[in-house]
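# Analysis of the macromolecular model
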Amino acid sequence: MLGALYPPSALGWLAPLPLSLLFRAVSHAPPRQAFRITWIVATAMFGVMLSWLPQSLGGTLGWGLSLLFPVLVGLLGLTCAGTVAVTRWAAGSWTLGTLPLAWVLLDAMREIGALAFPWGGLGYFLSETPLVQVAEWGGVGLLGLLVGGAASALAAWSWRGVWIALLWASALTYGLTRPPEMPGTRSALLVQGAVDPRAKVQADPLREWQRYWSLTRGAQVTAQTLVVWPEAAVSWPPPAGLQVPVKAAVLLGASEGGTTPKNSVFLVQGNAMEGRQDKVHLVPFGEFFPGQARWPGAYRTIFRWLGLPDLVGRVPGHVTQPLQLGDLRAGVLICYESVFASQARELVARGANVLVTPSNDAWFGSSRGAEQHFQMGRVRAVETRRWWLRVGNDGITAVVDPQGRVRRRLVRFTPGTLPVVFDLREGRTLSVQWPGWVVWGAALGLILVCLYMRTVAHICRQSRC
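Below is a short write-up of the structure. This one's a predicted model, so the numbers in the text were calculated from it and none came from an experiment.

### As for the environment of L172
- Note that L172 resides in helix α7 (residues 160–177).
- Remark: the alpha-carbon pair of L172 and P130, spanning 42 residues in sequence, is separated by 5.9 Å.
- Leaving out residues up to four positions away in the same chain, L172 has contacts with P130 and L131.

In structure tokens form, the structure reads like this:
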């Protein structure tokens, strides 16, 4: 049931109910039994939540790679089970009070490292509710504490439920009473090419550039318009002799070949390149293959067994300053990066006054994976209180205001353009000023409780109480 409540479900606020059943079951079980129960529940949750993954992998890289699906959901379930079992062993009778802290820590850890996969964070259950507005204070981690705290209170059915209910009521009131966002004054054009990414391998680079220039020119943009193309819309560098038909600044996603292939976004105006951002967080087993440089022979064998050509992973970049043009400072989150709260916070801390996401969700097909990706990214707008411009190859293409509300959205799977308005925002939310305070607070609280319980247990053993 938990997996079915994950975005894009509008019933995410009900997530504490099934989660409370899990918390109650493991709080009275020995650690080993708590491990087994959690593994079954968490694996089922991720299995339902990520049910789109086999279709995505099979349709793009061959059905052999769909075998990764049970491995992935099993490992994700294993991390949840291990976290709950250790918490049950260390916290003893205080397990219910510490499980929300432990789960928030686990969600934060799944954002770290080359194999990071933030899908499934507790806080995202509230992404389509008014409660999401409190994300400006503590990010998606604070939303996760609200979900986990409510589940713990329901499982305990004690006086703590009163305090949790008051917190939810306060957060809900804050979300419902916020004044609506003022209309934007800046203009942007989001260009959705709707190109089959499988056909791009044999595509003529000049033809791809001309396709996007044709869509852009047809919208009659002005010099003040910011034009945004999707991730990997074209190849880089541009073909020789290519004429730029518009005077507007264009933020375009491009694939760069060579010995160090990268997935990048370039800011160009006329024939000049004004800035560049390389993708930092690459999709594991989609854009890079862990250990490929060390075991190239093993990967070649696997690719042949799966009936695939020898695939070469891309090289990650580094977070740089926002791309700047005049007073516009665009914090670029390329596709997968929009689910990483830490990268959005870092870009805003460095001066970004608008967030931009060129994406390519064509790999998801018509599954709900693209919608999940979009709903998770909407939380970045609330955390940072920035306008968010998002353009996908075949969608989702939309503009989202600093309250996370979708102002305009283009129909998926069709080529077209979406003229939108937005604004530049300064100032920093608490989530940006004090990044990670929820996570560090949860870690400190968990350590103190576990140390206290272990000390009490040791004293009891010594005194045979």
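### Quick look at the nonpolar core
- One finds L19, F23, F46, L50, W103 and W119 to be the most contacted residues of the largest nonpolar core, which totals 58 residues.
- Broken down by secondary-structure element, the contributors of at least two residues to this core are α1 (16–27), α2 (31–49), α4 (68–91), α5 (95–109), α6 (135–156), α7 and α11 (369–384).
- Not counting the four nearest positions on each side in its chain, W103 is found in contact with L19, L22, F23, C80, V84 and L122.
- By size, the runner-up hydrophobic cluster in this structure holds 25 residues, among which are L251, V265, L328 and L424.

### So, the pairing of strand β13 (residues 416–422)
- Of the two faces of β13, only one is covered, namely that formed by G416, L418, V420 and F422; the face formed by T417, P419 and V421 stays uncovered.
- Bridge count between strand β1 (residues 186–192) and β13: seven bridges; the pairing is antiparallel. For Q192, the partnering residue across the bridge sits in β13 and is G416.

### Points about a nonpolar patch on the surface
- Together, W39, I40, V71, L75 and L78 make up a nonpolar patch on the protein surface, roughly 460 Å² of accessible area in all.
- Breaking the nonpolar patch down by element, the ones donating at least two residues are α2 and α4.
- With three residues, the single largest contributor to the nonpolar patch is α4.
- Summarising the element assignment, W39 is placed in helix α2.

### A look at the packing of aromatic side chains
- Summed over the entire model, instances satisfying the criterion amount to 16 aromatic pairs.
- Between the aromatic rings of W52 and W119, the centroid separation amounts to 5.8 Å while the plane-to-plane angle is 55 degrees, which identifies the pairing as tilted. Of the two residues, W52 sits in the loop between α2 and α3 (53–61) while W119 sits in the loop between α5 and α6, which places them 67 residues apart along the sequence. Across the pair, exposure class does not vary: W52 and W119 are buried alike.
- With a centroid separation of 4.7 Å and an interplanar angle of 40 degrees, the aromatic rings of W137 and Y174 are classed as tilted.

### A word on the side chain of Q133
- Mapped onto the elements, Q133 comes out in the loop between α5 and α6.
- In this structure Q133 comes out as buried when scored by relative accessible area, which is 3%.
- Side-chain polar atoms of Q133 contact the side chain of R385, separated by 2.8 Å.
- Each residue touching Q133, except ones within four places of it in the same chain, is listed here: Y174, G175, R178, V382, R385 and Q403.

### Topic: the pairing of strand β8 (residues 328–332)
- Burial analysis of β8 places four of its five residues in the buried class, the great majority of the element.
- Direction of pairing for strand β7 (residues 323–325) relative to β8: antiparallel, over a ladder of three bridges. Among the inter-strand pairings, Q324 is bridged to a residue of β8, identified as R329.
- Turn length for the β7-β8 hairpin, with the two strands adjacent in sequence and antiparallel, is two residues, and the turn residue G326 shows positive phi of about 70 degrees.

What counts, and at which threshold
Residues numbered from 1 in each chain as written. Predicted model: local features only at pLDDT ≥ 70, side-chain atom pairs only at ≥ 80, totals over all residues. Heavy atoms only, no water. Helix = DSSP H or I, 4+ residues; strand = E, 2+ residues; numbered from the N terminus. Contact = heavy atoms within 4.5 Å. Core = buried A, V, L, I, M, F, W, Y, C linked by side-chain atoms within 4.5 Å. Buried < 20%, exposed > 50% of the residue type's maximum accessible area, 1.4 Å probe, protein only. Pairing = 2+ DSSP bridges. Patch = residues over 30% accessible without salt bridge, like charges linked within 9 Å, V, L, I, M, F, W, Y side chains within 5 Å. Areas by Shrake-Rupley, 256 points an atom, 1.4 Å probe, with all protein chains shown as cover. Salt bridge = Lys/Arg side-chain N within 4 Å of Asp/Glu carboxyl O. Phe/Tyr/Trp six-rings, centres within 6.5 Å; stacked < 30°, edge-to-face > 60°. Polar contact = N/O pair within 3.5 Å; in protein donor to acceptor, adjacent residues only side chain to side chain.

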